[in-house]
Amino acid sequence: MPANVDDLTAVVRHALETTRATTVCPFHDEVTIRVGDDAAESHAYERAKRVVRSDGTTWEGEALREEIGRQLAAAADGRCPKCDRTDPRA
Ligand SMILES: [Zn+2]
């Protein structure tokens, strides 16, 4: 379960990471990388929909889709740009 089930951002981030739609760079905690395909992303949506908030309700699908879209848009595509910049082999 996410650390805070009442925080939409945390719920979506957790769902994306646990379904391997995204991953956090092992060298840069602040960098989220989009690594999954459409199947992983829809799996993340289904997982987030099942999260029950502390008041016993679940998140609305529309809010989840919007937040998933926002986080995927903010994520780096496939590779960490900071590693690309510092890795001499790149
Ligand atoms: Zn990195």
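Refer to the structure presented above.
Residues numbered from 1 in each chain as written. Predicted model: local features only at pLDDT ≥ 70, side-chain atom pairs only at ≥ 80, totals over all residues. Heavy atoms only, no water.

Peer 1: Honestly, the environment of His28 in this entry has me stumped. Any pointers?
Peer 2: Tracing the sequence through the fold places His28 in the loop between strand E1 (22-24) and strand E2 (32-34). It is 12 Å that separates the C-alpha atoms of His28 and Asp84, two residues lying 56 residues apart in sequence. Apart from residues no more than four positions distant in its own chain, His28 is found in contact with Cys80, Lys82 and Cys83. (Helix = DSSP H or I, 4+ residues; strand = E, 2+ residues; numbered from the N terminus. Contact = heavy atoms within 4.5 Å.)

Peer 1: Can you help me understand the pattern of salt bridges in this one?
Peer 2: One side chain can pair with another of opposite charge once the charged atoms of both are near each other. Evaluation of the coordinates by the stated rule reveals five salt bridges. The shortest N-O distance in the salt bridge between Glu60 and Arg53 comes to 3.6 Å. The class for Glu60 is partly exposed, based on a relative accessible area of 46%. With a shortest N-O distance of 2.7 Å, Asp84 and Arg79 are connected by a salt bridge. When its relative accessible area of 34% is taken as the criterion, Asp84 is described as partly exposed. (Salt bridge = Lys/Arg side-chain N within 4 Å of Asp/Glu carboxyl O. Buried < 20%, exposed > 50% of the residue type's maximum accessible area, 1.4 Å probe, protein only.)

Peer 1: Can you walk me through the coordination of the zinc ion in this structure?
Peer 2: Metal coordination angles in their ideal form are 109.5 degrees for the four-donor tetrahedron and 90 or 180 degrees for the six-donor octahedron. Coordination of the zinc ion by the protein comes from Cys25 (SG), His28 (ND1), Cys80 (SG) and Cys83 (SG), over a distance range of 1.9 to 2.3 Å. Classification of the site at the zinc ion rests on its four donor atoms, whose angles at the metal span 103 to 113°, yielding the label tetrahedral. Linear spacing of the donor residues for the zinc ion on their chain is C-x2-H-x51-C-x2-C. Placement of the pair is Cys25 in the loop between E1 and E2 and Cys80 in the loop between strand E3 (76-77) and helix H4 (81-86), with a sequence separation of 55 residues. Each member of the pair, Cys25 together with Cys80, is buried. (Donors = N, O, S within 2.8 Å, 3.2 Å for Na, K, Ca; no water. Tetrahedral: all angles 85-135°; square planar, octahedral: opposite > 155°, others 65-115°.)

Peer 1: Would you explain the nonpolar core in this entry?
Peer 2: Val12, Leu16, Leu64 and Ile68 are the most contacted members of the largest nonpolar core, which totals 16 residues. Secondary structure elements with two or more residues in this core: helix H1 (8-18), helix H2 (38-49) and helix H3 (61-74). Discounting chain neighbours no more than four positions away, the residues touching Ile68 are Val12, Leu16, Ala44 and Tyr45. (Core = buried A, V, L, I, M, F, W, Y, C linked by side-chain atoms within 4.5 Å.)

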